[in-house]
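Residue-level listing of the chains:
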Amino acid sequence: LMEVDNMSEEYIKKINQVLFSIDNFSKSMTYDETVNKISEASKIVKKIVDKFGYQVVFDSWENYLKENVDSKRKAWNFMILFFNFDGHKFKIKDPYPFLGMLYKKLDLSFERDPEGDDENQMNDTFDSIYIELLINSGIVKQEDYFYMNPYNDERLIEAYDRIE
(Lines give C-alpha, C1' and ligand atoms only; values in the text may rest on other atoms or scores of the structure.)
Protein backbone atom coordinates (compact mmCIF):
# COMPACT_ATOMS: atom_id res chain seq x y z
CA LEU A 1 0.00 0.00 0.00
CA MET A 2 2.84 2.36 0.89
CA GLU A 3 4.39 1.91 -2.57
CA VAL A 4 1.15 2.86 -4.26
CA ASP A 5 0.99 6.02 -2.12
CA ASN A 6 4.56 6.99 -2.96
CA MET A 7 3.97 6.26 -6.60
CA SER A 8 0.80 8.35 -6.71
CA GLU A 9 2.56 11.12 -4.78
CA GLU A 10 5.43 11.21 -7.29
CA TYR A 11 2.95 11.01 -10.15
CA ILE A 12 0.91 13.94 -8.83
CA LYS A 13 4.11 15.91 -8.17
CA LYS A 14 5.14 15.53 -11.82
CA ILE A 15 1.69 16.53 -13.02
CA ASN A 16 1.72 19.60 -10.75
CA GLN A 17 5.04 20.72 -12.25
CA VAL A 18 3.28 20.79 -15.64
CA LEU A 19 -0.03 22.26 -14.44
CA PHE A 20 1.54 25.15 -12.58
CA SER A 21 4.17 25.89 -15.21
CA ILE A 22 1.56 27.74 -17.27
CA ASP A 23 2.55 31.39 -17.07
CA ASN A 24 -0.40 33.78 -17.13
CA PHE A 25 1.98 36.71 -17.48
CA SER A 26 4.00 35.29 -20.37
CA LYS A 27 4.64 37.69 -23.22
CA SER A 28 5.49 34.79 -25.53
CA MET A 29 1.96 33.34 -25.51
CA THR A 30 -1.19 35.02 -26.77
CA TYR A 31 -4.20 35.26 -24.49
CA ASP A 32 -5.93 32.54 -26.55
CA GLU A 33 -2.94 30.21 -26.26
CA THR A 34 -2.90 30.68 -22.50
CA VAL A 35 -6.66 30.02 -22.28
CA ASN A 36 -6.27 26.86 -24.38
CA LYS A 37 -3.41 25.63 -22.20
CA ILE A 38 -5.47 26.20 -19.05
CA SER A 39 -8.45 24.47 -20.61
CA GLU A 40 -6.31 21.40 -21.46
CA ALA A 41 -4.77 21.44 -18.00
CA SER A 42 -8.24 21.62 -16.41
CA LYS A 43 -9.13 18.31 -18.07
CA ILE A 44 -6.05 16.74 -16.48
CA VAL A 45 -7.04 18.20 -13.10
CA LYS A 46 -10.49 16.63 -13.41
CA LYS A 47 -8.89 13.24 -14.11
CA ILE A 48 -6.52 13.37 -11.13
CA VAL A 49 -9.35 14.54 -8.83
CA ASP A 50 -11.52 11.64 -10.07
CA LYS A 51 -8.64 9.24 -9.42
CA PHE A 52 -7.25 10.52 -6.10
CA GLY A 53 -10.01 12.70 -4.61
CA TYR A 54 -10.15 16.36 -3.60
CA GLN A 55 -8.07 16.09 -0.43
CA VAL A 56 -5.08 14.32 -1.97
CA VAL A 57 -4.91 16.74 -4.90
CA PHE A 58 -5.44 19.76 -2.64
CA ASP A 59 -2.69 18.60 -0.27
CA SER A 60 -0.33 18.18 -3.21
CA TRP A 61 -1.14 21.71 -4.40
CA GLU A 62 -0.53 23.07 -0.92
CA ASN A 63 2.81 21.27 -0.99
CA TYR A 64 3.58 22.72 -4.42
CA LEU A 65 2.80 26.20 -3.10
CA LYS A 66 5.11 25.63 -0.14
CA GLU A 67 8.04 24.16 -2.10
CA ASN A 68 7.94 25.91 -5.48
CA VAL A 69 6.38 29.34 -5.08
CA ASP A 70 9.04 31.77 -3.94
CA SER A 71 7.94 35.17 -5.25
CA LYS A 72 4.88 37.38 -5.29
CA ARG A 73 4.57 36.99 -9.07
CA LYS A 74 4.73 33.19 -8.85
CA ALA A 75 2.17 33.26 -6.04
CA TRP A 76 -0.19 35.37 -8.14
CA ASN A 77 0.26 33.05 -11.10
CA PHE A 78 -0.33 30.01 -8.86
CA MET A 79 -3.51 31.58 -7.46
CA ILE A 80 -4.90 32.34 -10.93
CA LEU A 81 -4.25 28.75 -12.02
CA PHE A 82 -5.65 27.35 -8.75
CA PHE A 83 -8.83 29.34 -9.42
CA ASN A 84 -8.99 28.32 -13.09
CA PHE A 85 -8.55 24.67 -12.08
CA ASP A 86 -11.56 25.09 -9.72
CA GLY A 87 -9.45 24.50 -6.63
CA HIS A 88 -11.82 26.79 -4.70
CA LYS A 89 -14.64 24.31 -5.36
CA PHE A 90 -12.81 21.42 -3.68
CA LYS A 91 -14.38 19.90 -0.58
CA ILE A 92 -11.53 19.57 1.88
CA LYS A 93 -11.01 19.32 5.63
CA ASP A 94 -9.13 22.47 6.62
CA PRO A 95 -8.26 25.16 4.09
CA TYR A 96 -6.72 27.52 6.66
CA PRO A 97 -3.04 26.45 6.45
CA PHE A 98 -3.23 26.74 2.64
CA LEU A 99 -5.01 30.11 2.76
CA GLY A 100 -2.54 31.51 5.30
CA MET A 101 0.42 30.42 3.17
CA LEU A 102 -1.11 31.79 -0.04
CA TYR A 103 -1.88 35.15 1.61
CA LYS A 104 1.68 35.41 2.90
CA LYS A 105 3.26 34.44 -0.44
CA LEU A 106 1.10 37.04 -2.20
CA ASP A 107 2.67 39.52 0.21
CA LEU A 108 -0.74 40.92 1.15
CA SER A 109 -1.25 42.50 4.55
CA PHE A 110 -3.94 42.40 7.22
CA GLU A 111 -2.70 45.78 8.42
CA ARG A 112 -3.39 47.89 5.34
CA ASP A 113 -5.64 48.04 2.31
CA PRO A 114 -4.37 46.68 -1.01
CA GLU A 115 -2.36 49.19 -3.04
CA GLY A 116 -2.84 49.66 -6.77
CA ASP A 117 -4.63 47.57 -9.39
CA ASP A 118 -2.42 44.51 -8.99
CA GLU A 119 -2.98 44.13 -5.26
CA ASN A 120 -6.70 44.87 -5.66
CA GLN A 121 -6.96 42.12 -8.26
CA MET A 122 -4.98 39.71 -6.07
CA ASN A 123 -7.18 40.56 -3.13
CA ASP A 124 -10.41 40.00 -5.08
CA THR A 125 -9.25 36.61 -6.34
CA PHE A 126 -8.03 35.64 -2.87
CA ASP A 127 -11.42 36.65 -1.39
CA SER A 128 -13.28 34.46 -3.88
CA ILE A 129 -11.06 31.46 -3.13
CA TYR A 130 -11.24 32.10 0.62
CA ILE A 131 -15.06 32.27 0.78
CA GLU A 132 -15.63 29.30 -1.56
CA LEU A 133 -13.17 27.05 0.28
CA LEU A 134 -14.73 27.90 3.66
CA ILE A 135 -18.23 27.18 2.33
CA ASN A 136 -17.21 23.97 0.54
CA SER A 137 -15.30 22.78 3.60
CA GLY A 138 -18.41 23.27 5.71
CA ILE A 139 -16.69 25.85 7.93
CA VAL A 140 -19.07 28.62 6.88
CA LYS A 141 -22.73 28.31 5.91
CA GLN A 142 -23.65 29.66 2.50
CA GLU A 143 -25.93 32.31 4.04
CA ASP A 144 -23.24 33.54 6.45
CA TYR A 145 -20.49 34.16 3.90
CA PHE A 146 -21.33 37.85 3.81
CA TYR A 147 -19.98 38.21 7.36
CA MET A 148 -16.67 36.53 6.57
CA ASN A 149 -13.70 38.80 6.01
CA PRO A 150 -10.04 37.78 5.79
CA TYR A 151 -9.04 40.93 7.72
CA ASN A 152 -10.74 39.83 10.91
CA ASP A 153 -10.72 36.05 10.57
CA GLU A 154 -8.68 34.91 13.58
CA ARG A 155 -8.09 31.44 12.13
CA LEU A 156 -6.69 32.89 8.91
CA ILE A 157 -4.45 35.33 10.78
CA GLU A 158 -3.18 32.47 13.01
CA ALA A 159 -2.45 30.29 9.95
CA TYR A 160 -0.65 33.24 8.33
CA ASP A 161 1.44 33.84 11.45
CA ARG A 162 2.49 30.17 11.57
CA ILE A 163 4.13 30.38 8.11
CA GLU A 164 7.91 30.80 8.30
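Predicted model, so just to flag it, every value in this text is computed and none were measured.

**Looking at the layout of surface pockets**
Of the volumes computed, that of the largest pocket is approximately 250 Å³. As for the largest pocket, its lining consists of 13 residues, of which Glu9, Ile12, Val56, Asp59 and Ser60 are closest to the centre. Listing elements by their share of the lining of the largest pocket, those giving two or more residues are α1 (2-19) and α3 (54-68). With seven residues, α3 is the single largest residue contributor to the lining of the largest pocket. Each pocket or cavity is described by its volume, and for the second largest pocket that value is around 170 Å³. Of the residues forming the lining of the second largest pocket, the biggest block, five residues, is contributed by helix α2 (residues 31-52).

**A few points about the packing of α3 against helix α4 (residues 72-84)**
At a closest axis distance of 11 Å, the pairing of α3 and α4 adopts a crossing angle of 165°. When the axis of α3 is compared with that of α4, the two are roughly antiparallel. The handedness of the crossing between α3 and α4 is right-handed. In this structure, α3 uses Phe58, Trp61, Tyr64, Leu65 and Asn68 to contact α4, whose residues at the interface are Lys74, Phe78 and Phe82. In the contact of α3 with α4, the residues fall into six nonpolar, one polar and one charged.

**Points about the packing of helix α5 (residues 96-105) against helix α6 (residues 116-136)**
Between α5 and α6, the shortest axis-to-axis distance is 11 Å and the interhelical angle comes to 175°. Overall, the two elements α5 and α6 adopt an arrangement that is roughly antiparallel. Between α5, through Tyr96, Phe98, Leu99, Leu102 and Tyr103, and α6, the contact on the second element is made entirely by Asn123, Phe126, Ile129, Tyr130, Leu133 and Leu134. Residues that form the contact of α5 with α6 fall into these classes: 10 nonpolar, one polar and no charged.

**Focus on the pattern of salt bridges**
What the rule picks out here adds up to eight salt bridges. With a closest N to O distance of 3.1 Å, glutamate 40 and lysine 43 form a salt bridge. Of this pair, glutamate 40 and lysine 43 both sit in helix α2, three residues apart, roughly one helical turn. Classification of glutamate 40 by relative accessible area gives partly exposed; the value is 46%. Given the relative accessible area of 48%, lysine 43 is considered partly exposed. The salt bridge partner of arginine 112 is glutamate 119, with a shortest N-O separation of 2.9 Å. Arginine 112 sits in the partly exposed class, given a relative accessible area of 31%.

Parameters and conventions
- Residues numbered from 1 in each chain as written.
- Predicted model: local features only at pLDDT ≥ 70, side-chain atom pairs only at ≥ 80, totals over all residues.
- Heavy atoms only, no water.
- 1 Å grid on protein atoms, 1.4 Å probe; cavity = no way out; pocket = protein on both sides within 12 Å on 5 of 7 lines; lining within 4 Å.
- Points joined across faces, edges and corners; volume = space filled by probe spheres on them.
- Helix = DSSP H or I, 4+ residues; strand = E, 2+ residues; numbered from the N terminus.
- Axes fitted to C-alpha atoms, helices over the stretch in contact; angles between N-to-C directions.
- Parallel < 35°, antiparallel > 145°, perpendicular 65-115°, else oblique.
- Left-handed = near helix turned anticlockwise from the far one by under 90°.
- Contact = heavy atoms within 4.5 Å.
- Nonpolar A, V, L, I, M, F, W, Y, C, P; charged D, E, K, R; others polar.
- Salt bridge = Lys/Arg side-chain N within 4 Å of Asp/Glu carboxyl O.
- Buried < 20%, exposed > 50% of the residue type's maximum accessible area, 1.4 Å probe, protein only.

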